[in-house]
Amino acid sequence: MGRTARIVLFAALAALAAGCLARATVTPSASTPIRVVAPGDHTQVPTSGAVPLRIEVDPGLNMTTLRVRVTGDGLDRKIGRKKRLTVVGNTATGSLTAADLVEGLVTVEASAEWLGRPRSRPRAVGLSTISWEPAIDTSTASRCDFLDAAKCLLPFPNDRYTVADSSTDTGRRVNFAVDSMPANNKGIHVDPTEWNRNDGFSPGSPILAKVSGLDLTETGAAPITDIGRSLDANQPVVLIDAATGRRQPFFAELDAQADPAQGPMLIIRPARNLAEGHRFIVALRRLKDAAGATIPAGRAFRLYRDGVATFDPEIESRRVHVEDLLTKLGDAGVGRGDLYLAWDFTVASERNLSGRMRHIRDDAFAALGRADAAPSFTVTSIENNVDDQIFRRVTGTFTVPNYLSGTGAPGARFNTGPDGLPARNGDFQAGFICNIPRSASNAGAAPVHPARAGVYGHGLLGSNDEVSSGNVRAMANEHDFAFCATKWIGFSEDDVGVAVTALSDFTNFPKVADRTQQGFLNVLFLARLLHTPKGLVSDPAFRANDGTPLIDTREVFYDGNSQGGILGGAVTAVSTEWTRAVLGVPGMNYSTLLQRSIDFDTYKVVLEPSYPDELDRLLTSGIVQMLWDRAEANGYAQHMTDDPYPDTPSHTVLLDMAFGDHQVANVTTEIEARTIGARLRTPALAPGRDPSVNPFWGIEPVAGFPYGGSALVVWDSGTPAPPLGNVAPRPPVYGDDPHGDPRNTPAARQQKSDFLAARGALTEVCGGDPCLTAAHP
């Protein structure tokens, strides 16, 4: 028998078994001498309020002998004729209260003797079987999931909030209702229009459910310090690929910022991004409270788990689907008997996550024509002999096709064409700053040693003038790099106002995501200007006195820090210009990162009054990540290195992590390393520095040096290990912030230089010991 047939048969048998009460059910008809007209047979009665009772009796029956009996699971109750019923002619009416009912299937039996009381004739009987589920409110079932009634959209993510759509790559499409979306303090719900273009959820989405009284330690759920436990056969929290049954690594935590009056949300965080376009099943079982007692499953889920039938169309319409989930879990070794809750969700497809960005990249570069063609640019200022490290600073603008509305100013959205993709809308003028090091110039005279070409990515809501900061100038002159930078439009100093507006009403968040993708394109065009003789070096500002280019255009490399590491991962994944990148103090997945970053303190001042409910804030973090994936590394990481997008080269990436980072949480760096397949330079830390059972679980070590693949290097400043919960490390408890220390460490810069070369590789610069920053005591 096939799987579908088994599921349908099981559902039918469950309904039949549940309907077998103390006596057989007789379907009433007009020919039955006594009929229970209300409540109607095979109906779901209201969860609250009185249930009307109406019994009709044929003239051949003795109305004075009428008896009414209500039976169900543990229930056998008589309804007194004289006290509870009103008899008019051959009709009796009354009502049933909650005291007369029990959850599940209930039979209302009416019987009466025949006139004349002939002993040979048994009492006439009329029956009505009803369903009563007072703990389940299905009034919003079309837009919420009654399996977790704590908040609409829980559990999250959830295919309950998708619909079938054959036009998408996953066959699903998100279908949020506006009334289901979180509302801000002004009562304005997030407009789901842009979200409803998605064909699934984020590959790194926080998986959320509300379980009152849950204690994760007593339960034995895999914590952040023991991710490997998430794959144990007896693990109480289970995350599996629905197609393969393969378990996925994760860690579970309770919201450390919860409102005590509400209690904390359960957060399950994938330890490696989930495969694009795949469906996943979440199962919670044997959950315990602080006393070690098992927390019982909610009534709604028990209806499916235990095969309890109802007559509610909203409940029954999903029975086959839930049974399929339970069958798949059973096939994966997860039995149904002790389940607390199970649900499924679909991860967005590759095209949905990156298709818009790849479209504007391909369209814009095609407009340039030849592979060595360069965008037009204008030099606006030249500053010579800047300092003892920088020979020349050149400032200017360059032209990039604009795919935003209007002029592309802050707050602009994509100019969407009829095919749903961004359409070109004129040009955008981006600015650049380039620093040419003294190491390349020989004071502008021959012989000139052209500097390596580098694109630099700046930090959080900052500016391209960060390219002139001390560590970047030192890197340039020490290692012969000419670094150029443009603003990360969409996430630069110019966009602070839009970001604040989005935090007060997340309907505005698509403005951030769209403009940031235009910013990615701007960075790629700047890279092209550095990567061709027809680009910047065609201008005298980038040449020595004898006309020799000051920049080597044969290769271009990427180096970015903080936000430049986060966004730089996304741009690297789509870059056709550079193939080697250093991501300094990076991470990915803002839904994990923000609550663990001290940088977010400033913006919480706006967010928390606007969305005062912590459950809403957590839900919103997962909802917003669905669009943020288009504008940060989380949505691109699976194609950043050795599984490139079509018409895109593979890339080799170095991740430099500051242990105990106060701004970019280490856990987000480690998840990125697992996702891109980076190897760990060891020894990463001195013994005992990391509280994990198996530090850096799932990241294979570098076998030897020089190493030609992607890598994670941990730099230690002596800062305490970060908090284990979703809170930010703050001084003095967590010491001084080491965020800027790796880039300010000469050994780290040497390692970056060795890596960023045409035949670059990871080299050993720490003498075989853990790598310590210059700030280490």
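Residues numbered from 1 in each chain as written. Predicted model: local features only at pLDDT ≥ 70, side-chain atom pairs only at ≥ 80, totals over all residues. Heavy atoms only, no water.

A. Quick look at the overall build of the protein. When you go through the protein residue by residue, the secondary structure sums to 17 helices and 28 strands. With the C-alpha coordinates of the protein rotated into their principal frame, the extents come out at 130 × 55 × 50 Å. Within the protein, the fraction of its 777 residues that count as buried is 58%. Here the contacts in the protein between residues at least 6 apart in sequence split such that 73% fall between residues at least 24 apart. Carbon and sulfur atoms make up 52% of the accessible area of the protein, which totals about 28,400 Å². Of the side-chain charges in the protein, 74 are positive and 87 negative, and the distance between the mean point of each set is 9 Å. (Helix = DSSP H or I, 4+ residues; strand = E, 2+ residues; numbered from the N terminus. Buried < 20%, exposed > 50% of the residue type's maximum accessible area, 1.4 Å probe, protein only. Contact = heavy atoms within 4.5 Å. Areas by Shrake-Rupley, 256 points an atom, 1.4 Å probe, with all protein chains shown as cover. Lys, Arg positive; Asp, Glu negative; His and termini not counted. Charge placed at Lys NZ, Arg CZ, Asp CG, Glu CD.)

B. Molecular detail of the pattern of salt bridges. The final tally for this structure, using the stated rule, is 50 salt bridges. With a closest N to O distance of 3.0 Å, Lys487 and Glu493 form a salt bridge. Because the salt bridges share partners, they merge into one network encompassing Glu194, Arg197, Arg413, Asp514 and Arg630. (Salt bridge = Lys/Arg side-chain N within 4 Å of Asp/Glu carboxyl O.)

C. Representation of the side chain of Ser349 within the structure. On the secondary structure map, Ser349 appears in the loop between β17 (339-346) and α7 (350-368). Separated by 3.1 Å, the side chain of Ser349 and the backbone nitrogen of Asn352 make a polar contact. Ignoring anything within four residues of it in the chain, the contact list for Ser349 reads Asp169, Thr170, Asp199, Glu276 and Gly277. (Polar contact = N/O pair within 3.5 Å; in protein donor to acceptor, adjacent residues only side chain to side chain.)

D. Structural view of the sheet that holds strand β1 (residues 34-38). If you walk across this open sheet you meet the 4 strands as β1-β3-β7-β6, and the pairing is antiparallel. The sheet terminates laterally at β1 and β6 (86-88), the two strands that pair on one side only. In this sheet, adjacent strand axes meet at a mean angle of 20 degrees when their direction is disregarded. One ladder, built from 4 bridges, connects β1 with strand β3 (residues 51-57); its direction is antiparallel. By the bridge assignment for β3, Val36 is matched with Ile55. (Pairing = 2+ DSSP bridges. Axes fitted to C-alpha atoms, helices over the stretch in contact; angles between N-to-C directions.)

E. Here's a closer look at the state of the cysteines. Taken as a whole, this structure holds 3 disulfides when the rule is applied. A disulfide bridge connects Cys144 with Cys152, and the sulfur atoms are separated by 2.0 Å. The sign of the -95 degrees torsion about the S-S bond sets the Cys144-Cys152 disulfide as left-handed. Through a disulfide, Cys766 is tied to Cys771; the S-S separation comes to 2.0 Å. Measuring the twist about the S-S bond at about 105 degrees, one finds the Cys766-Cys771 disulfide to be right-handed. Residue Cys766 is classed as buried on the basis of its relative accessible area, which comes to 13%. According to the relative accessible area criterion, Cys771 is buried, its value standing at 0%. (Disulfide = S-S within 2.5 Å.)

F. View of helix α16 (residues 666-676). The buried fraction of α16 amounts to 11 of the 11 residues, a majority that puts the element mostly inside the structure. For α16, the full list of buried residues reads Asn666, Val667, Thr668, Thr669, Glu670, Ile671, Glu672, Ala673, Arg674, Thr675 and Ile676. In the stretch just after α16, Gly677 is the one whose phi turns positive, near 80 degrees.

G. Quick peek at the environment of Ser31. Inspection of the secondary structure assignment puts Ser31 in the loop between α1 (3-19) and β1. For Ser31, a relative accessible area of 64% translates into the label exposed. When the C-alpha atoms of Ser31 and Asp58 are compared, they prove to be 9.4 Å apart, with 27 residues separating the residues in sequence.

H. Fine view of the confidence of the model for the protein. Per-residue confidence for the protein averages 94 on the pLDDT scale, and 95% of its residues sit at or above 70. In the predicted structure, residues 1-29 sits below a pLDDT of 50 and forms 37 contacts with residues beyond four places in sequence or in another chain. (pLDDT = per-residue confidence, 0-100.)

I. Examining the environment of Val237 more closely. Along the chain, Val237 turns up in strand β13 (residues 237-241). Assessed through its relative accessible area of 2%, Val237 is described here as buried. In this structure the C-alpha to C-alpha distance between Val237 and Phe251, which are 14 residues apart in sequence, comes to 9.2 Å. Residues in contact with Val237, not counting those within four places in the same chain, are Ala221, Ser230, Phe250, Ile268, Ala283 and Leu284.

J. Inspection of the sheet that holds strand β9 (residues 124-132) at higher detail. One open sheet accounts for 5 strands, arranged β2-β9-β8-β4-β5; its pairing is mixed. A single partner strand is all that each edge strand has here, and the edge strands are β2 (43-44) and β5 (75-79). In the sheet, strand β4 (residues 67-72) pairs with strand β8 (residues 104-112) via 5 bridges, with the strands oriented antiparallel. Looking at β8, one finds that Arg69 is bridged to Glu109.

K. Structural view of the packing of helix α11 (residues 509-530) against helix α12 (residues 563-574). At a closest axis distance of 10 Å, the pairing of α11 and α12 adopts a crossing angle of 60 degrees. The orientation of α11 with respect to α12, classified from their angle, is oblique. Remark: the crossing between α11 and α12 carries right-handed chirality. For the pair formed by α11 and α12, the contact residues are Thr516, Phe520, Val523 and Leu524 on the first element and Leu567, Ala570, Val571 and Val574 on the second. (Parallel < 35°, antiparallel > 145°, perpendicular 65-115°, else oblique. Left-handed = near helix turned anticlockwise from the far one by under 90°.)

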